[in-house]
Protein chains: 2
Amino acid sequence: MPDKLFRLRRSEAPEQGRRPVMVAICGDSATGKTTLTRGIADILGADRATAICVDDYHKYDRAERRDVPFTVLNPDCNYIDIMEQHLQLLAMGRPILKPVYDHSTGTLARPVRIEPREFVIVEGLLPLHSKLSRACFDIAVYLDPPEEIRRQWKLRRDCADRGYTPEQVLAELERREPDSAAYIRPQRQWADLAIRFAPVAGHEDRKDTPLSAEILLRPTIMHPDLSHVLTDDDRRTLHLKLIRDSDGRPVDALHVHGYAPREDSRIAEKAIWEQLSIDTGAALPERLGEYAPGKRSEALAIAQLLLLWHLLEARA
Amino acid sequence: MPDKLFRLRRSEAPEQGRRPVMVAICGDSATGKTTLTRGIADILGADRATAICVDDYHKYDRAERRDVPFTVLNPDCNYIDIMEQHLQLLAMGRPILKPVYDHSTGTLARPVRIEPREFVIVEGLLPLHSKLSRACFDIAVYLDPPEEIRRQWKLRRDCADRGYTPEQVLAELERREPDSAAYIRPQRQWADLAIRFAPVAGHEDRKDTPLSAEILLRPTIMHPDLSHVLTDDDRRTLHLKLIRDSDGRPVDALHVHGYAPREDSRIAEKAIWEQLSIDTGAALPERLGEYAPGKRSEALAIAQLLLLWHLLEARA
């Protein structure tokens with residue numbers, strides 16, 4: 001049980017008044033935010049992690065949005081000032097009464113009381129939109145798979161889970177593009193970790209090869225020392241490269257190869273896990289890297305481990 | 001237009017960052033809270049007054065309440081900590097996303113964004129329950145008509161507007177009595193103004209005589225100087241008496257006689273109005289004292305005027 005494990009790091013006495021660690025998982029729709037969030041929340045356990053989605057701060061329900069000139073990606077379509085206020089309250093360890101947007105019906109439902117636990121994971125379209133909201137986070141993550149992959153993911157999810165037709169989803173993607181460019185993608189600049197799940201360019205993956213990932217470890221926060229993980233043996237799975245970010249600033253790019261053999265990936269995961277956990281010899285969480293029942297991604301597993309490292313480090 | 005009038009008192013420039021005046025209108029159900037609140041909010045105008053009801057902080061909807069061992073009067077049936085938080089935010093001039101309880105259906109609906117104006121009027125069952133909530137108010141009012149009158153009012157309203165049968169209302173009153181005694185009535189001690197609409201004891205009112213009122217002006221805040229209003233001519237309408245409060249503390253009791261001729265009452269109202277407003281000669285608001293379309297109560301009018309005086313005084 002990783003949950004019990006992590007506890008060993010901390011005093012046995014409950015820490016009253018201690019502020020939670022806040023992490024933002026930001027990105028456009030269908031970029032894997034919920035998968036990453038659930039994975040982390042699951043590993044930490046419900047008694048230690050609170051996960052919320054700030055897309056619940058929509059001002060309008062689906063029917064009303066037909067009459068407004070912007071999409072849900074637009075800050076004007078959301079109660080941004082209330083989102084900021086609620087993030088501030090959570091960051092101070094105080095409860096909120098959070099609005100609820102029901103994706104299945106497209107309606108605004110009764111709000112729920114949310115109590116911040118040790119870790120608050122905030123996913124959504126616009127958590128990094130404003131300076132006030134960004135100031136609430138200890139760690140900010142941005143997910144940006146290539147547009148073609150995001151399109152596939154959105155088609156699959158919105159048709160299967162939200163009752164849309166493929167034509168509706170494609171039309172919606174097109175309608176959202178200007179707001180996506182204006183409000184969602186600019187948030188990438190504020191991320192400490194920018195994660196791109198994608199096939200490796202130039203590598204001929206066989207069909208069904210799990211996705212690889214490029215994880216930018218920006219020097220805005222301290223990252224784990226991966227030098228002993230990145231031994232020659234592990235190069236097939238992971239390698240770290242000093243590059244320039246899209247804006248020219250220096251950044252570490254961690255490449256996780258989806259085509260690497262599972263055994264190799266596990267070695268790398270264990271090495272990070274040992275650095276992260278205290279009680280060496282503890283087992284890796286079973287569900288690490290799981291993105292659907294029975295389906296795993298080593299790239300996701302590495303991303304989750306890095307994020308766990310950051311959460312526990314911020315808490316330490 | 002009283003609205004324009006009041007403005008003369010203040011600078012023409014908008015006062016950014018100025019905190020609103022907060023008033024609580026507290027009392028058991030069907031004590032006239034909404035009538036008093038609406039009257040005041042109406043006279044001040046929607047651009048100057050924000051009126052909210054803190055009964056919207058119910059935790060459970062009507063169906064769920066069948067399975068809980070307490071009534072809506074019980075703090076455990078309400079998100080008191082969220083109510084406190086929202087009152088604090090409003091008192092600081094910040095917006096809130098307020099939950100909404102729909103009395104007609106008994107369900108919790110989508111929340112609404114509330115922006116505090118210059119005056120925030122907060123009515124409800126428990127606004128004075130906790131020390132933190134009380135600390136948010138500049139003026140606190142408690143309404144306590146005699147139980148028999150409240151019963152009549154509740155029967156009339158709940159049967160006409162909320163779809164209950166008289167038997168249901170009477171059973172509910174009985175069921176609520178322990179929580180009413182334990183949580184609602186104790187709040188009377190925290191009021192600056194305790195208002196009791198009732199026939200005058202010992203006075204044989206004819207049928208349809210409007211109710212009189214006893215208004216306790218507690219020395220917890222400064223009250224208007226009524227000495228020039230209470231001339232001999234006005235004694236039929238109003239008189240002020242130094243008495244002991246139910247806990248023994250000294251208090252001024254203002255008696256407003258519902259049986260006084262309308263002309264006399266108007267003289268007293270005008271005298272208070274002139275003290276309250278600045279630009280003498282302004283007309284009394286038309287709807288002062290109106291509690292139903294075409295129905296007026298001089299006692300209500302005096303109570304409203306006193307409260308207006310307090311609101312404007314706190315703002316000055």
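Reading the values: the criteria
Sequence order as written defines the numbering, with residues in each chain counted from 1. Starting at A for chains and at 1 for ligands, labels are handed out in the order in which the entities are written. pLDDT decides what is reported in this predicted model: residues at 70 or higher carry local features, side-chain atom pairs at 80 or more are listed and counted, and totals for whole chains, interfaces and linings draw on all residues regardless. Values reported for side chains reflect all heavy atoms of the structure, with hydrogen atoms and water molecules removed beforehand. Each helix corresponds to a stretch of at least 4 residues labelled H or I by DSSP, and each strand to a stretch of at least 2 residues labelled E; elements are numbered beginning at the N terminus. Here the globule rule reads 2.2 Å times residues to the power 0.38, and the radius of gyration is calculated from C-alpha atoms. Only heavy atoms matter for contacts: two residues are in contact if any of them lie within 4.5 Å across the pair. Note that accessible areas follow from Shrake-Rupley with a 1.4 Å probe, and for residues the cover is restricted to the protein chains shown. For the purpose of charge, His is not counted, nor are the chain termini; Lys and Arg are scored as positive and Asp and Glu as negative. For the purpose of locating charges, the reference atoms are NZ of Lys, CZ of Arg, CG of Asp and CD of Glu. Buried area is calculated as the accessible area (1.4 Å probe) missing from two parts once they are joined, with the contributions of both summed. One side-chain nitrogen of Lys or Arg within 4 Å of one carboxyl oxygen of Asp or Glu is enough to make a salt bridge. In protein, a polar contact means a hydrogen-donor-capable atom and an acceptor-capable atom, both N or O and within 3.5 Å, with residues adjacent in sequence counting only if both atoms are side-chain atoms; elsewhere, any N or O pair within 3.5 Å suffices. A pair of strands counts as paired when DSSP detects no fewer than two bridges linking them. Convention adopted: a line fitted to C-alpha atoms gives each axis, helices being fitted over their contacting stretch, and angles between N-to-C directions are expressed from 0 to 180 degrees. Just so you know how the angles are binned, under 35 degrees is roughly parallel, over 145 roughly antiparallel, 65 to 115 roughly perpendicular, and the rest oblique. In this classification, the charged set is Asp, Glu, Lys and Arg, the nonpolar set is Ala, Val, Leu, Ile, Met, Phe, Trp, Tyr, Cys and Pro, and all remaining amino acids, among them Gly, are polar. Side-chain rings of Phe, Tyr and Trp, where Trp is taken by its six-membered ring, are said to pair if the distance between their centres is within 6.5 Å; with planes under 30 degrees apart they count as stacked, over 60 as edge-to-face, and otherwise as tilted. Each residue is placed in one exposure class: buried if its accessible area under a 1.4 Å probe, protein chains only, is under 20% of its type's maximum, exposed if it is over 50%, and partly exposed if it falls in between. Here, over-ring charges are defined by two tests on the NZ atom of lysine or the CZ atom of arginine: distance to the ring centre within 6 Å, and angle to the ring normal within 35 degrees. Reported domain spans reflect what an automatic or database domain assignment gives. In this scheme, a helix's expected span is set at 1.5 Å multiplied by one less than its residue total. Nonpolar core, defined: a set of buried Ala, Val, Leu, Ile, Met, Phe, Trp, Tyr and Cys residues in which side-chain atoms within 4.5 Å join the residues together. For the least-squares superposition of copies, only C-alpha atoms count, and only for residues with pLDDT at least 70 in both.

Across its full length, chain A holds nine helices and 12 strands. For chain A, the C-alpha radius of gyration of 19 Å lies close to 20 Å, the compact-globule estimate for 316 residues. Expressed as lengths along the three principal axes of its C-alpha atoms, the size of chain A is roughly 60 × 55 × 40 Å. Sequence separation of at least 24 residues holds for 72% of the intrachain contacts in chain A that already meet a minimum separation of 6. Split by element, the accessible area of chain A, about 14,900 Å² in all, is 51% carbon and sulfur. Once the 46 positive and 50 negative side-chain charges of chain A are each reduced to a mean point, those two points are 2 Å apart.

Contact with chain A, which involves 20 residues of that partner, is made by 20 residues of chain B. A combined buried area of about 1,800 Å² lies between chain A and chain B, and 52% of that area is made up of carbon and sulfur atoms. Counting the surface chain A buries against chain B, the share from its top three residues, A:Gln85, A:Leu97 and A:Arg110, is 35%. The interface formed by chain A and chain B contains six salt bridges. Applying the counting criterion to the chain A and chain B interface returns 12 residue pairs in polar contact (both at pLDDT 80 or more).

Time to look at the sheet that holds strand 7 (residues 193–198) of chain A. Residue and element names in this part refer to chain A. A sheet is described by the order of its strands in space; here eight strands give the open sequence 2-5-1-6-7-8-10-9, paired in mixed fashion. Looking along the sheet, the strands with just one partner apiece sit at the ends: strand 2 (49–53) and strand 9 (238–244). Adjacent strand axes in the sheet meet at a mean angle of 20 degrees when their direction is disregarded. The sheet contact formed by strand 6 (residues 139–143) and strand 7 spans three bridges and is parallel.

Turning next to the packing of helix 8 (residues 262–276) of chain A against helix 9 (residues 298–315) of chain A. All names here are of chain A. In contact at an axis separation of 10 Å, helix 8 and helix 9 are set at 5 degrees when each is read in the N-to-C sense. By the angle between their axes, helix 8 is roughly parallel relative to helix 9. Listed contacts from helix 9 to Arg262, Ser265, Arg266, Ala268, Glu269, Ile272, Trp273, Gln275 and Leu276 of helix 8 are Glu298, Ala301, Ile302, Leu305, Leu308, Trp309 and Leu312. By residue class, the composition of the contact of helix 8 with helix 9 is 10 nonpolar, two polar and four charged.

A few words now on the packing of aromatic side chains. All names here are of chain A. If you walk through the whole model with that rule in mind, you get two aromatic pairs over all chains. Between Tyr60 and Phe70 the ring centres are 6.5 Å apart and the planes differ by 35 degrees, which places this aromatic pair in the tilted class. Placement of Tyr60 in the loop between strand 2 and helix 3 (62–65) and of Phe70 in the loop between helix 3 and helix 4 (80–91) is noted, with a sequence separation of 10 residues between them. By relative accessible area, which is 16% here, Phe70 ends up buried. When the ring centre of Trp190 is taken as reference, the NZ or CZ atom of Arg134 above it lies at 3.6 Å.

Working definition: the strands of a sheet are paired by backbone hydrogen bonds and lie parallel or antiparallel to each other. Residue and element names in this part refer to chain B. Read across the sheet, eight strands follow the order 2-5-1-6-7-8-10-9 without closing on themselves; strand pairing throughout is mixed. Since the sheet does not close on itself, it has two edges, and those belong to strand 2 (49–53) and strand 9 (238–244), each with one partner. The mean angle between the axes of side-by-side strands here comes to 20 degrees, regardless of whether they run parallel or antiparallel. In the sheet, strand 9 pairs with strand 10 (residues 250–256) via seven bridges, with the strands oriented antiparallel. Bridged to Arg244 within strand 10 is Pro250.

How large an interface is tends to be reported as the accessible area lost when its parts come together. All names here are of chain A. Domain parsing of chain A yields domain 1 (19–140) and domain 2 (192–316). A C-alpha centroid distance of 25 Å is found between domain 1 and domain 2. Counting from both sides, the interface comprises 17 residues of domain 1 and, opposite them, 18 residues of domain 2. Approximately 1,600 Å² of surface area, both sides summed, lies buried where domain 1 meets domain 2, with 75% of it carried by carbon and sulfur atoms. Counting the surface domain 1 buries against domain 2, the share from its top three residues, Leu36, Ile43 and Ile139, is 32%. The interface formed by domain 1 and domain 2 contains two salt bridges. The shortest N-O distance in the salt bridge between Arg315 and Glu118 comes to 3.6 Å. Inspection of the region where domain 1 meets domain 2 yields five residue pairs in polar contact (both at pLDDT 80 or more). Among the secondary structure elements, those contributing two or more residues to the side of domain 1 that touches domain 2 are strand 1 (21–27), helix 2 (33–44) and strand 6.

Below, the discussion takes up helix 9 (residues 298–315) of chain B. All names here are of chain B. For helix 9, spanning 18 residues, the distance from its first C-alpha to its last is 26 Å, which sits close to the expected 26 Å at 1.5 Å a residue. The buried fraction of helix 9 amounts to 16 of the 18 residues, a majority that puts the element mostly inside the structure. For helix 9, the side-chain oxygen to backbone nitrogen distance between the N-cap and Ala299 is 3.3 Å, and the N-cap itself is Ser297.

We now examine the nonpolar core. Residue and element names in this part refer to chain A. The biggest cluster of nonpolar side chains holds 46 residues, and the ones touching the most others in it are Ile139, Val141, Ile215, Leu254, Ile302 and Leu307. Considering each element in turn, this core owes the most residues, 12 residues, to helix 9. With residues near it in sequence (within four places) discarded, Ile302 still touches Ile215, Leu238, Leu254, Val256, Ala268, Glu269 and Ile272.

The next thing to look at is the relation of the copies chain A and chain B. With an RMSD of 0.0 Å, the operation that places chain A on chain B is a rotation of 179 degrees combined with a shift of 0.0 Å along the axis. Both chain copies can therefore be described as sitting about a two-fold axis. Distance from the rotation axis, computed per C-alpha, reaches its smallest value in chain A at A:Arg110: 2.6 Å. Interface overlap between copies: 100% of the residues of chain A at the interface are likewise at the interface in chain B, consistent with a symmetric, same-surface contact.

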